[in-house]
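Read off the chains here:
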Protein chains: 2
Amino acid sequence: MIRGQGTDGRKASRNTLSRPERGSRHQIFPGVEILTIAGKDLMLSVVHLEPESIVLDHAHPHEQMGILLDGRLEFTVGSVTRLIGPGDVWRIPGGVVHRVRALEKSVALDVFHPIREDYL
Amino acid sequence: MIRGQGTDGRKASRNTLSRPERGSRHQIFPGVEILTIAGKDLMLSVVHLEPESIVLDHAHPHEQMGILLDGRLEFTVGSVTRLIGPGDVWRIPGGVVHRVRALEKSVALDVFHPIREDYL
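Conventions used here
Residues numbered from 1 in each chain as written. Chains lettered and ligands numbered in written order. Predicted model: local features only at pLDDT ≥ 70, side-chain atom pairs only at ≥ 80, totals over all residues. Helix = DSSP H or I, 4+ residues; strand = E, 2+ residues; numbered from the N terminus. Buried ≥ 20, exposed ≤ 12 C-beta atoms within 10 Å, placed from the backbone. Contact = placed C-beta atoms within 7 Å. Pairing = 2+ DSSP bridges. Core = buried A, V, L, I, M, F, W, Y, C linked by C-beta atoms within 7 Å. pLDDT = per-residue confidence, 0-100.

This part takes up the overall build of chain A. Helices and strands together make up the secondary structure of chain A, namely one helix and 12 strands. Counting from the amino terminus, helix and strand elements in chain A follow one another as β-α-β-β-β-β-β-β-β-β-β-β-β. Scored against the burial criterion, the 120 residues of chain A give a buried share of 39%. A separation of at least 24 residues holds for 61% of the contacts in chain A among residues at least 6 apart in sequence.

Shown next as structure tokens:
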């Protein structure tokens, strides 16, 4: 956010248009840090992964989609493993086990529905 | 997707890990092209905006969040207008009028819940 021209105050501004620095930061695995921004039924998560960091096998009832912005990942969803690069996307239905290994320093964007209360 | 190592076939692979080129392409305004990828209750939309292109005032019942990946936008949500840059995010509750003007060539990622049937 560079400058505001709103007429209904800074609080409203922050609720609609903001820098992700105002989100919530969590280290979810060694070398894997997320910055989350919650809406009502959507949550964005900007994910920074160090080389060789690993998101271990896990599953959650939330639907998850995402896109790799930079880097290279070995991504496993269910029984399918792919090497993916920038612009590649993933769709993970609720309850499906998935894991990730970063082959290099990477940045991804994840989206969850509903929001993950553990990432607020 | 660079190469597959899955054991349950290419169809399953495409459903979970794929290049967005396999999404659905729409020109929603002059100079504004989107590429959408639908999950069950989530939809990703990669948005390319030409300089000075405009997304006119509109609203929809779907919740929308997004992040600017590249470029610079003048983004209005309700009565709040901001100049935003890469990494800035937006949260648009269902029903709230919003509009965008691209100040330069820009790339954004939008997310909708539920999926927008008109963008399938």
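Our focus in this paragraph is unusual backbone geometry. Backbone phi values are negative for most residues with the exception of glycine, while trans is the configuration of most peptide bonds. Residue and element names in this part refer to chain A. Following His-113, the chain continues into Pro-114 via a peptide bond in cis, with omega recorded as -10 degrees. Looking at the secondary structure, you find Pro-114 in the segment after strand E12 (106-113). One non-glycine residue, Glu-52, lies in positive phi territory at about 70 degrees. The class of Glu-52 is exposed, set by 12 C-beta atoms lying within 10 Å.

The next subject is the sheet that holds strand E10 (residues 89-92) of chain A. Ordered in space as E3(A)-E4(A)-E5(A)-E12(A)-E7(A)-E10(A)-E2(B), the seven strands form an open sheet in which the pairing is antiparallel. Edge strands, defined here as strands with exactly one partner in the open sheet, are strand E3 (24-29) of chain A together with strand E2 (17-18) of chain B.

Mapped onto the fold, Glu-52 of chain B is located in the loop between strand E5 (43-49) and strand E6 (54-58). Here the alpha-carbon distance between Glu-52 of chain B and Val-89 of chain B, two residues 37 residues apart in the chain, equals 20 Å.

Core analysis: the biggest nonpolar cluster contains 60 residues, and Leu-44 and Val-111 of chain A together with Leu-44 and Val-111 of chain B have the highest contact counts within it. Discounting chain neighbours no more than four positions away, the residues touching Val-111 of chain A are Leu-42, Met-43, Leu-44, Gln-64, Met-65 and Gly-66 of chain A together with Leu-42, Leu-44 and Val-111 of chain B.

This brings us to the sheet that holds strand E10 (residues 89-92) of chain B. Here we have seven strands laid out as an open sheet, ordered E2(A)-E10(B)-E7(B)-E12(B)-E5(B)-E4(B)-E3(B), and antiparallel in their pairing. In this open sheet, the two strands that pair with only one neighbour each are strand E2 (17-18) of chain A together with strand E3 (24-29) of chain B. Bridging between E2 of chain A and E10 of chain B involves two bridges; their strand directions are antiparallel. For Ser-18 of chain A, the partnering residue across the bridge sits in E10 of chain B and is Val-89 of chain B.

Residues and elements named next belong to chain A. Among the seven residues of strand E5 (residues 43-49), six are classified as buried, and the element is accordingly described as predominantly covered. Both strand E4 (residues 32-38) and E5 contribute to a ladder of seven bridges, which runs antiparallel. Bridge pairing in E5 links Thr-36 to Ser-45. Joining the antiparallel neighbours E4 and E5 is a turn of four residues. Relative to E12, E5 is paired through seven bridges, and the arrangement is antiparallel.

Residues and elements named next belong to chain A. The alternating pattern of strand E9 (residues 80-84) places Val-80, Arg-82 and Ile-84 on a buried face and Thr-81 and Leu-83 on a face that is not buried. Of the strand pairs in this sheet, strand E8 (residues 73-77) and E9 are connected by five bridges, and their pairing is antiparallel. The partner of Val-77 across the bridge, within E9, is Val-80. Where E8 folds back onto E9 in an antiparallel hairpin, the turn is made up of two residues, including Gly-78, whose phi is positive at roughly 60 degrees.

With that out of the way, let us pick up the confidence of the model for chain A. On average, residues of chain A carry a pLDDT of 88, and 86% of them reach 70 or more. Confidence estimates for the predicted assembly give a pTM of 0.87 and an ipTM of 0.85.

All names here are of chain B. Topologically, Arg-19 is positioned in the loop between E2 and E3. Taking the number of C-beta atoms within 10 Å as the measure of exposure, Arg-19 has 15 and is therefore partly exposed. Note: C-alpha distance between Arg-19 and Ile-37 (18 residues apart in sequence) is 9.6 Å.

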